[in-house]
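# Structural features, examined
Spelled out from the first residue to the last, the chains are:
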Amino acid sequence: MRFPSLTALPDRMIRDRELLDQLIDPTARQRLPRDSRAFVRVDMSLRNYWHTLFDVCPDLLDMADPAGEQIFDGFMAWAAEQHLSMGWHFYLWVGRWLAQSPFQHQLTDALQEQLMAAAAARWAVLDRSPQVGVVLGRAASTGWVVGWKPNSLLAGRRVERIEVDSGLPSPEADLGLFYTNSFELDTFPGWQVLPK
């Protein structure tokens, strides 16, 4: 992929949509001059994602370099290859990438559930559908992580971990999810795959 217009004319007014490839691809970002407006714009945008990840899951910073660049850049490059969106399931994709990355032996159950809880909390804030809860499960665990939207004007979102009775199937993939229209978990509609 070529980006001649961005590097040849650093002072040209560049629209945000022209920077999308640089935002998600670390290799493309390196082509931007550090003193260009485009670099500053991309860097500011990436900081939002960086803080979204490491402020909520600071234990990730113990796995790699102190700035988290090895994890962040590795994940962003993989996400670009996979054409992933960065919606509420951003944290789940990070967990999936970690499980197949050089950091896979440092990915504990506790950290995986921390990422799931972060995703559930983000869903409870961002989702505008009529569903009131999202349930996340792992193939390797009998515990589910559930994110609830507020059920009154005075309540906030809730995230909880619940243990389920044996007999309910685990997701076929490493992770699965389903949504609920009730604040009671009284039905099991089956697992869905993660949306891209």
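Just so you know, these numbers come straight off a predicted model, no measurement behind them. (Residues numbered from 1 in each chain as written. Predicted model: local features only at pLDDT ≥ 70, side-chain atom pairs only at ≥ 80, totals over all residues. Heavy atoms only, no water.)

What follows covers the packing of aromatic side chains. Tallying each qualifying case throughout the model produces 15 aromatic pairs. Ring plane angle 70 degrees and centroid distance 5.6 Å describe the contact between Phe 188 and Trp 191, whose orientation is recorded as edge-to-face. Among the aromatic residues, those joined into a cluster by ring pairs are Tyr 49, Phe 75, Trp 78, Phe 90, Tyr 91 and Trp 93. (Phe/Tyr/Trp six-rings, centres within 6.5 Å; stacked < 30°, edge-to-face > 60°.)

Counting 44 residues, the largest nonpolar core has Leu 53, Leu 60, Phe 75, Leu 98 and Leu 136 as its most contacted members. Listing elements by their share of this core, those giving two or more residues are helix H4 (37-54), helix H5 (69-82), helix H6 (90-99), helix H7 (109-126), strand S1 (133-138) and strand S4 (175-180). Per element, the largest residue contribution to this core is 8 residues, and it comes from H7. Each residue touching Leu 60, except ones within four places of it in the same chain, is listed here: Leu 53, Phe 54, Ile 71, Leu 98, Leu 111 and Leu 115. Formed by 8 residues, the second largest nonpolar core is a distinct cluster that contains Val 132, Val 135, Val 146 and Val 164. (Core = buried A, V, L, I, M, F, W, Y, C linked by side-chain atoms within 4.5 Å. Buried < 20%, exposed > 50% of the residue type's maximum accessible area, 1.4 Å probe, protein only. Helix = DSSP H or I, 4+ residues; strand = E, 2+ residues; numbered from the N terminus. Contact = heavy atoms within 4.5 Å.)

All right, on to the pairing of S1 then. With 6 of 6 residues buried, S1 lies mostly within the body of the structure. In terms of strand pairing, S1 meets strand S2 (residues 143-148) through 5 bridges, oriented antiparallel. By the bridge assignment, Leu 136 is partnered in S2 with Val 145. Judged from the 6 bridges that link them, S1 and S4 form a sheet pairing that is antiparallel. (Pairing = 2+ DSSP bridges.)

Attention now goes to the packing of H4 against H5. Axes are the key here: two packed helices are described by the angle between their axes and the distance separating the axes. Direction vectors running N to C along H4 and H5 enclose 115 degrees, while the axes themselves pass 11 Å from each other. By the angle between their directions, the pair H4 and H5 is classed as roughly perpendicular. Where H4 crosses over H5, the two elements pack in a sense that is right-handed. The segment H4 lies against H5, with Leu 46, Tyr 49, Trp 50, Leu 53 and Phe 54 engaging Ile 71, Phe 72 and Met 76. (Axes fitted to C-alpha atoms, helices over the stretch in contact; angles between N-to-C directions. Parallel < 35°, antiparallel > 145°, perpendicular 65-115°, else oblique. Left-handed = near helix turned anticlockwise from the far one by under 90°.)

Here the protein chain shows a mean pLDDT of 87. Residues at 70 or above account for 91%. This stretch, residues 1-5, has a pLDDT under 50; its non-local contacts, to residues over four places away or in other chains, come to 8 contacts. (pLDDT = per-residue confidence, 0-100.)

A separate point is unusual backbone geometry. Of note, His 83 is a non-glycine position whose phi angle comes to about 55 degrees, a positive value. Exposure remark for His 83: the relative accessible area of 67% places this residue in the exposed category.

Right, let's talk about the layout of surface pockets for a bit. Considered as a void within the structure, the largest pocket measures approximately 500 Å³ in volume. Secondary-structure elements contributing two or more residues to the lining of the largest pocket are helix H3 (26-29), H4 and H5. In terms of residue count, the dominant contributor to the lining of the largest pocket is H4 (7 residues). Classifying every residue of the lining of the largest pocket by side-chain character gives 8 nonpolar, 2 polar and 6 charged. Considering only enclosed or pocket space, the second largest pocket measures out at about 170 Å³ in volume. Along its surface, the second largest pocket is lined by 13 residues, and Gly 95, Gln 112, Arg 138, Asp 174 and Leu 175 are the ones closest to its centre. Looking at the lining of the second largest pocket, the elements that each hand over two or more residues are H6 and H7. When residues in the lining of the second largest pocket are grouped by element, the largest group, 5 residues, is from H6. Among the residues forming the lining of the second largest pocket, the class breakdown is 8 nonpolar, 2 polar and 3 charged. (1 Å grid on protein atoms, 1.4 Å probe; cavity = no way out; pocket = protein on both sides within 12 Å on 5 of 7 lines; lining within 4 Å. Points joined across faces, edges and corners; volume = space filled by probe spheres on them. Nonpolar A, V, L, I, M, F, W, Y, C, P; charged D, E, K, R; others polar.)

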